[in-house]
Structure formats: structure tokens, C-alpha cells
Amino acid sequence: MLPMNKVMNNSGLTCVLGPTNTGKTHLAVERMLGHASGMIGCPLRLLAREIYDRVVKAKGPTRVALLTGEEKIIPANPAYYICTTESMPADKPVAFLAVDEVQMAADDQRGHIFTDRILHARGQQETLFLGAETIRPLLTKLFPGANFITRPRFSDLAYVKPKKLSRLPRRSAVVAFSVDDVYGIAELIRRQRGGAAIVMGALSPRTRNAQAALYQSGDVDYLVATDAIGMGLNMDVGHVALAATSKFDGKRQRDLTAAEIGQIAGRAGRYLQNGTFSTTAGMGGELDPLMVAQVEEHSFRPLKKLYWRNVRLDYASLPRLIRDLEARPKQANLQRAPDALDLVILKGLARNKDIARTCGSREAVQTLWDSCQIPDFRNVSPEEHTRLVAKIFGFLMTPDGVIPHDWMAREVTRLNNMQGDIDTLAGRIAGIRIWTYVSHRVRWLKDPAHWAGVTREIENGLSDALHERLTQRFVDRRTSVLLREIRHKDDLLVLVTKDNDVIVEGHRIGHIEGFSFFPDADARGDEEKILIAAAEKSLKGEMSKRVRAFKACDDKDIALDFSAGIGKPRVLWKGKPIATLDKGTAYSPQIRLDQGSLLNPAAADQATERISRWFEARLADKLGALIKLKTALDATAKPDEEAPRLTAKTRGIAFRLVEQFGILDRAQIVDEIKAIALEERKNLHRFGIRIGAYSLFMPVLLKPHATELRLMLWALMTEPDVLPALPPPGMVWVEMEENTPPAFYEIAGFRRTAKKAIRVDMLERLADAVRPLGRENKRFEITPEIMGLVGLSGDGFMAVMRTLGYHGEKQQAAVPAATAKEQETPLGERLFFTWQPKKKNMRPSAPKGKTSPAKKPRKKPQKKPEKKTDPDSPFAALQGLKTALANKK
């Protein structure tokens, strides 16, 4: 490379122009490798690092140097230099030289550097300028004899309608224009699609490479980046989505130009793979059709000016230096660049009297200018960066002429902390990058190589920590791994632990209960769907094994859960729910396998059939007498020769009893009972039916398991709004709850009284016990033994007796305290009752062989005497008319 302070001739200069994905950078690398030496200037250090790694593979590390603002890898005798444009050395002659993205010369912040390289940087044998077609007119005017090559894009680029983040296709890049937006979008993608890699110009090369590797390897399918992605970074991107169409350019918020959108969107579709671009849904509408056409056709408005800053500087004094930096170009196509930060700082420090006094020599002025060019990676404030520059300049102007070792150590050591969140680590990386830059100014430190190693080690550690934090926050490793494995593997590696946890490809995804899979509770939305998809694919063998075990299991391993508050009854296998029972026919409910079941249709049918057989066996075991009666009523069933015979009259009673699940209020069929003969009664008794004074029931059905089954069948058919807890086993009476359907207590085997429900068999025993005492309406006293039949005394017992048709009264009498205590009544209180029916047929029939108390004859109702009308009254004529009409009819 020849000195940059002379305008070069155009011999061997070629301008390779075209849109993205035309292979321009690849061509430059291949051309360089064909020369004995070469240099490439890149717009980003990330791209420089990418090309450096590629050239190292081709030529070996001893022949390749990497030069960026913060990273310098310089072997003893390099032949090839891979640099950022700012770091291209002017004193290294090379056979080949290339500058990439030369259209950046129109950028108001960095453009003057690219313009300087365009004007002054040349290879001894060959020079390539790579860029967009927009710079062709200016290059043609600057270098009339240059050779121009236009390269067409390898693939098509097409616009599509905006898409939501959750609907973006795989291998998509979302481009935002602020760090906060990048992080916010990445967080949404993590929750919805498993995760995203992050690429920003502010990342260190090490962090960027690690994040890019996440994406390139397929661990994540989405990339969230700033517009740094548009500068030659080669990623496997199929679709680019713009999260905004404006950005803050350091001075103001402005709309993106068509050329800028084209540069970013052009990252979609690499080599022969077509690409698409769009905005994200909700951003505020679609792109302007004219702009879309420009991007698709790669036809943009040509550049009119290139930014320029004078590089021929006079260091004789600060005013002369500032004058040269503010000089205007003489060529018509060049425009003076706005004051960059380094010039702003220089002007500010020049007003400092102490610093101005120090700058009395050329060396001092040049040192101050070199100090002002320290990059402000932290971007905290110009004032703070100015103070840091002044501090460093002050050290360089001391007799030692270097930055003190102890001060440098303090500044660097405070950044050597790998703890903290993403923003904290990113801030430390920005800070250490300043000291990395300083360490490469060999005259500023006593041991620059030491500090270069220290800062590089700290930056690497911080970069690794930042990559780890970015991955932890924006990548769900489990989801991303499962997505990849589901797509690429037919058989996933699955383990079901003894606790029924499901481990797929080393990641816990949930657990199994019965035949159902339950994803981890923290999974939401798309992540939950991914876990379910992984389970469906990986657990087929496990489910087949479970179905075989279930079909062969003992009936005792299956149970019913009909607890209050659970809704539909659940079928349990080894304590875990596998199905629910739903409304069907009275004794044959529908069986529904639990939601989340992973059984295929054939296996589901087998499991359902096994549950059905078990349920039929349970009904036969616990409700055998009732099922036998139901079978006797079934005309299609095979007749049981040993079963009692039912007549037409008893069939009606039996049908009502089966319909009411084994318990029936006698008042509902009082006429039918009177109509059956003695032998017909005996046949009903042979079915286990007791015809009581108040109820017809099967005593065997009052056992706890039978009661639970009958209540369950009733609840499935009637679907009550309220279902209280089942009565505890052995209880003779229970308190009635409000809003509970009356039929609940009746099916449970209880008869309702005022506030309590009494078990029907005990109520019948009580009726049998008091019936002889109350013959002929005789007044009788209740003994403690009789009250003990229903477990009540006092007012509670009197309410029960009123239900049976007896009138009760209390009488005080002096009795021993011990006796009163035993009777659980107040001291001296005695209970007397008299039969007093309130309704016809209320009094129960007497047992066979006994007579009922004589009934009192009814008095015939007397007719009211007719009211006589006064013959002289006006109403007498009316009455006569009514009588005449009645006789005529």
C-alpha cells in the first residue's frame, strides 16, 4: 500500500458494484489470496473477524494479521492484513488492496474515512472497491479510467405482507434500531418460538461469534439484530423483518432511505436461495409500494456527495491543526464532513488554558490529536469522555511520557468482574474496549504487550459471560433443542423416571399421569405446544407399554374418585386419573379418557374397553341385587331360571325402583302396593326388596360403597348444581345442607325431616317400634332405647316423630338427675306422643297378623240452609226469572 497522503493513479483499479448477495466480498478474498500479499478494509470489525478466520484457514495464522480499533493480532511477518477501514495501515505496501462497502463514504459520521481510502489507498498490482451501484456516478467522475464490473444478485428478493413475530418463518432475522428494541423483541421470540440470537455492532467479536454460532447451528431459528447485519455479515437468513422504518442517526430520528432498507433486506436469501422481506405486523402498516419496487429491483437514487476531511494536517499549533481539520474540499463531488467527536473534543480542550499551554510543540499537538481519537465506546456523555481524554493526555505530557502503571491497573481491574446482568456486562465490555484501544498505542504504556494481553483476557471473559447471559435470557435451551430434534430425528432419546418425569434429549419436559402428559407448569403458549409435540413423538412406545399393563392389571388397581368438588367422577389407575365418567344411560355412563392422553385411537379403544369391563364388574359387585332386578326387567336379556317371577303389577313397582336407583318413597306407589297379592310381595322380597311403612328399598344397597355408586349414577344423570359431601359411613342421621337437591338424600338412603335426614332403615325400625304403642290413638311415652334407634332426643326426636305422623308433648316430672342425663333431656323432661295423621293414608299399614287402630267414622257434610227471598223484594222477580229459564233448559 502506498502512502495515503498522495492521490493514487487508477492503474489496476476495479470497482465491483452490485446489491447484496452478489459475492463481492467473496471475490475480493479470492483475488487477494491469489497475490503474495494483500489488505482488505471492512466496514465492521465483526466482518473483519469473519474474513480473518477464513483467511487464516487458507494461509495459516503466521501469515495473517487482524487490525481493528480494539483488537490487533500481528504475527512477525504477515502477508495479509484484514482490517476495519479506520485501521488500515498507510505504511504497509501490499500487492492487492480492497475496500468494502465504499458507498459508506456518504455517511455523515464515518464517511470521510472511506473517502480517504477511496482517494489514497491502492494496491501495488490490483485494487478493488466494493459497493453499491449508487456510488457509480461519483467513482466514474473521480476515476475516469477505472474498470467497472456489475454483479447481479444470485437470488431473488421479494416483499411479503407484514407478519407477527409469532408467525415469522424459520431462519428469520428481525432488525431493530435500538438496544432496548432488540432485547424486547428477543424476549418475545423466546417466549413464543424458543429463542433468538443477538447480533449488534456493539458486541465484542467473541460474543458476536458465539451468538452467530447459536443461529448458524440451528439451536435457534431466529436472529434479532441492529442494522449492523446489513454490512456484509453472511448468515443463513431466509427472511428479514424490519421492526421499524426509522432510526436515530445520532442527531435526529429520521426515516430509512430505500437504499438503507435494501442493504438490510438484502441479507435475506444467501447465494442461490431466494429471500423475502417485510415489516413486522403492528409497526404501522406496509412499506410504500414505490420503495418496495426500488428494493426488489435494486434501483436506488445515486449518491451526490462524498464526505471528506483533510488528512494533510499541520501540527505546528492547535489553531493550525483545527484550521486544517475544518478545511473544505476543492473537488466538486466532495463535501466537508460534520465535526466528528474527535474534533469536538479537540476544540473543547484547545480552550483549556493549561492544555493550550502544554501544546507548545508539534509532538504535543499531535499527541493531543491522537488522544482525541480514542473511541467513546461507552457513549455516556461527550463531557465525561472529554475528561478521560484530558486525563490520558496529561499523563502522556509528563516527563515519563506514559500512562502510569498503577492508574492503568485500577481502571482495568474495576472492569474485571464477570458478574451482573446483560447491561452491566455490556457496559464493562465497552469500558475495557477503550483500554484495549489504548494498549495498542505502543508509545503510551511502558509495557503495552502486557496490557494488551490483560485487556484481551478481560474482554474475552466479559464476552463469554455476556454470551451466557444473552443465551440464558433470550434462548430457551429446552425448547430450541426440542424444535431441532423434532424436525431432524425420527426417534427422540426419551427417559421416563420412576417418578414419571419425562426427559427428552436430556431436557425435562413434564411428567406423565396415567396415559396423559402434562408439560412443565412454567411453559406457556408456543413453548407448551412444543413440549406436547415432543411428548407425542417420543412417548409412543411408553404409551403402548402402559396400555398393555393396564389391560392386564387387577381390578383392585382401578378405583373411582367421586369426592365432592371434583366435578365428574374420575377413574384412577394406581392412584392416577386416566378417565372421567360422563352422562350416558342410567347404569352405563360414557367413558372419556382424560384430556392430554397420548394414546392413539386403537390404544384408546382398548383402554376404554378395559374401563368398561371393570365398571360393569364393580356394579355387579356393589349393586348386585339392583342389577339382578334390572336384568329381570330386560326383555332382551337371557331369563334367569332361578330368579323370582315378576307379574305385570310387580314389574311396574320394580321398574320404578330401578329408575330410582334402589330406593322409593312408598307414598308414590301406595295404590300399586295395595293391589299386589301376598305371593307377589314374597317375590319382591326374594329380590331383596323391603316394603317398609314409608319406603321401598334394598337394605344391601345402603352400604357405603353401594351408596356412593348409586349417588354417582344419579348425579351423572341429573347433573345437579350442588353436590355436597357424601354422608359418612355408619351415620344414622345427617344435617341437611341448603340448596342441596332433595333427591340427593333420598338416593343416599335418607328420609328428610325438619332439619335432619334419617336413614330409611332406621326410620322403619323406629316406626315398627312405636306402632304397637300408639294403637287406638293411645298416648304413650318414649323410652331412651327407642330414641337410640335414630340417635336423637329432645326436639330433634320430636321432629322425626312428627314426620311419622305423631304429635308430641313434653311433661315435667321429678326424676333423678342421673336418669335425666342418660336420657339427654332436661332434668325431669318426659316425651309423650299420640298418633295424629295429617293426610289421608299417612298412617302406615300394620304388620301382617295385627289390626290397625279403629278409624273414627266420618261425618257427612251438612248442606247450608237456603236463604229465603222476600216476595215483595225486587230480587223476587229476578229469582223467578232464573227459575223459569232453568226449567226451560
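Keep in mind it's a predicted model, so treat the numbers as computed, not measured.

(A) Region of the structure containing the overall build of the chain. Each helix and strand in the chain was counted, giving 31 helices and 35 strands. Here the chain, with 889 residues, has 48% of them falling under the buried criterion. Entry remark: accessible area of the chain is about 44600 Å², with carbon and sulfur atoms responsible for 51%.

(B) Fine view of the side chain of T740. Along the polypeptide, T740 turns up in the loop between β30 (733-735) and α26 (742-747). A polar side-chain atom of T740 sits 3.3 Å from the main-chain carbonyl oxygen of E737. Beyond its immediate sequence surroundings of up to four residues, T740 is in contact with P724 and Y745.

(C) Region of interest: the state of the cysteines. Here the structure, examined in full by the defined rule, presents 0 disulfides. Free cysteine C42: the closest other cysteine sulfur is in C83, separated by 7.8 Å.

(D) Molecular detail of helix α3 (residues 111-120). A large share of α3 lies buried, amounting to 10 of its 10 residues. Along α3, the positions that sit buried rather than exposed are G111, H112, I113, F114, T115, D116, R117, I118, L119 and H120. Looking at the buried side of α3, the elements it contacts are β6 (96-99), β7 (126-131), α4 (136-142), β17 (306-308) and β18 (334-336).

(E) Up close: the sheet that holds strand β28 (residues 690-691). Within the open sheet, the 3 strands sit side by side as β27-β29-β28. Their pairing is antiparallel. Looking at strand neighbours, the two that pair on one side only are β27 (663-665) and β28, the edges of this open sheet.

(F) Quick peek at the sheet that holds β30. One open sheet holds the 3 strands; their spatial order is β30-β32-β31, and the pairing between them is antiparallel. Single-partner strands in this sheet number two, and they are β30 and β31 (750-752). Neighbouring strand axes in the sheet, compared pairwise and without regard to direction, differ in orientation by 25° on average. Note: β31 against strand β32 (residues 756-759), 3 bridges, orientation antiparallel. Across the sheet, R751 pairs through a bridge with I758, a residue of β32. Against the sheet, helix α27 (residues 760-770) makes contact with β31 and β32, and its axis sits at roughly 80° relative to β32, the strand it touches most.

(G) Seen up close, a nonpolar patch on the surface. Residues F154, Y271 and L272 make up a contiguous nonpolar surface patch of roughly 340 Å² in combined accessible area. Mapped onto the elements, F154 comes out in the loop between β8 (147-150) and β9 (157-159).

(H) How the structure looks around the nonpolar core. If you look at the biggest cluster of nonpolar residues, it comprises 69 residues, and the most contacted ones within it are F515, F550, V571, F615, L629 and M712. Here this core gets 8 residues from one element, more than from any other, and that element is helix α25 (residues 704-718). For M712, the residues in contact, after removing those within four places along its chain, are L560, F562, P569, L581 and F615. L165, V182, A196 and W407 belong to the second largest nonpolar core, which has 45 residues in total.

(I) Local environment of the packing of aromatic side chains. If you walk through the whole model with that rule in mind, you get 16 aromatic pairs. With a centroid separation of 5.5 Å and an interplanar angle of 50°, the aromatic rings of Y587 and F661 are classed as tilted. Of this pair, Y587 sits in the loop between β25 (576-585) and β26 (588-593) while F661 is found in the loop between α22 (648-659) and β27, placing the two residues 74 residues apart along the sequence. The rings of F780, F797, Y806, F833 and W835 are connected pair by pair, giving a single aromatic cluster. Over the ring of F143 we find R122, and its NZ or CZ is 5.0 Å from the ring centre. It is R441 that lies over the ring of W444; its NZ or CZ is 4.9 Å from the centre.

(J) Broad picture of the pattern of salt bridges. As enumerated under the stated definition, the model contains 46 salt bridges in all. Among the salt bridges present, the one from D768 reaches R771, with a minimum N-O distance of 3.0 Å. Classification of D768 by relative accessible area gives partly exposed; the value is 35%. Looking at R771, the relative accessible area reads 9%, which means it is buried. Residues participating in the shared-partner salt-bridge network are R170, R171, D221 and D236.

(K) View of helix α7 (residues 258-265). Along α7, 6 of the 8 residues are buried, which leaves the element largely enclosed by surrounding structure. The set of residues buried in α7 consists of A258, I261, G262, Q263, I264 and A265. Where α7 is buried, its residues touch β9, β10 (172-175), β13 (239-242), β16 (275-279) and α8 (289-297).

(L) Geometry of the packing of helix α19 (residues 540-552) against helix α20 (residues 601-622). In the contact formed by α19 and α20, the axes pass within 10 Å of each other and the chain directions differ by 20°. Considered as vectors, α19 and α20 are oriented roughly parallel to each other. Note that α19 runs across α20; the crossing there is left-handed. Note on element contacts: α20 touches α19 through A603, Q606, A607, R610, I611 and R613, opposite V547, F550 and K551. The residue makeup of the contact of α19 with α20, split by class, is 5 nonpolar, 1 polar and 3 charged.

(M) Quick peek at unusual backbone geometry. Its identity is not glycine, yet N379 carries a phi of approximately 55°, on the positive side. Tracing the sequence through the fold places N379 in the loop between α12 (362-372) and α13 (382-396).

(N) Expanded view of a negative patch on the surface. Taken together, D180, D181, D421 and D423 make up a surface patch of like negative charges. Take D180: it is sitting in helix α5 (residues 179-193). Here D180 falls in the exposed class, since its relative accessible area comes to 63%.

(O) Up close: the pairing of β32. Going residue by residue along β32, you find K756 and I758 tucked away on one face and A757 and R759 tucked away on the opposite face as well. Of the pairings in the sheet, the one linking β30 to β32 comprises 3 bridges and is antiparallel in character. Each bridged residue has a counterpart across the sheet, and for V734 the counterpart in β32 is A757.

Criteria and cut-off values
- Residues numbered from 1 in each chain as written.
- Predicted model: local features only at pLDDT ≥ 70, side-chain atom pairs only at ≥ 80, totals over all residues.
- Heavy atoms only, no water.
- Helix = DSSP H or I, 4+ residues; strand = E, 2+ residues; numbered from the N terminus.
- Buried < 20%, exposed > 50% of the residue type's maximum accessible area, 1.4 Å probe, protein only.
- Areas by Shrake-Rupley, 256 points an atom, 1.4 Å probe, with all protein chains shown as cover.
- Polar contact = N/O pair within 3.5 Å; in protein donor to acceptor, adjacent residues only side chain to side chain.
- Contact = heavy atoms within 4.5 Å.
- Disulfide = S-S within 2.5 Å.
- Pairing = 2+ DSSP bridges.
- Axes fitted to C-alpha atoms, helices over the stretch in contact; angles between N-to-C directions.
- Patch = residues over 30% accessible without salt bridge, like charges linked within 9 Å, V, L, I, M, F, W, Y side chains within 5 Å.
- Salt bridge = Lys/Arg side-chain N within 4 Å of Asp/Glu carboxyl O.
- Core = buried A, V, L, I, M, F, W, Y, C linked by side-chain atoms within 4.5 Å.
- Phe/Tyr/Trp six-rings, centres within 6.5 Å; stacked < 30°, edge-to-face > 60°.
- Lys NZ or Arg CZ within 6 Å of the ring centre and 35° of its normal.
- Parallel < 35°, antiparallel > 145°, perpendicular 65-115°, else oblique.
- Left-handed = near helix turned anticlockwise from the far one by under 90°.
- Nonpolar A, V, L, I, M, F, W, Y, C, P; charged D, E, K, R; others polar.
- Lys, Arg positive; Asp, Glu negative; His and termini not counted.
- Charge placed at Lys NZ, Arg CZ, Asp CG, Glu CD.

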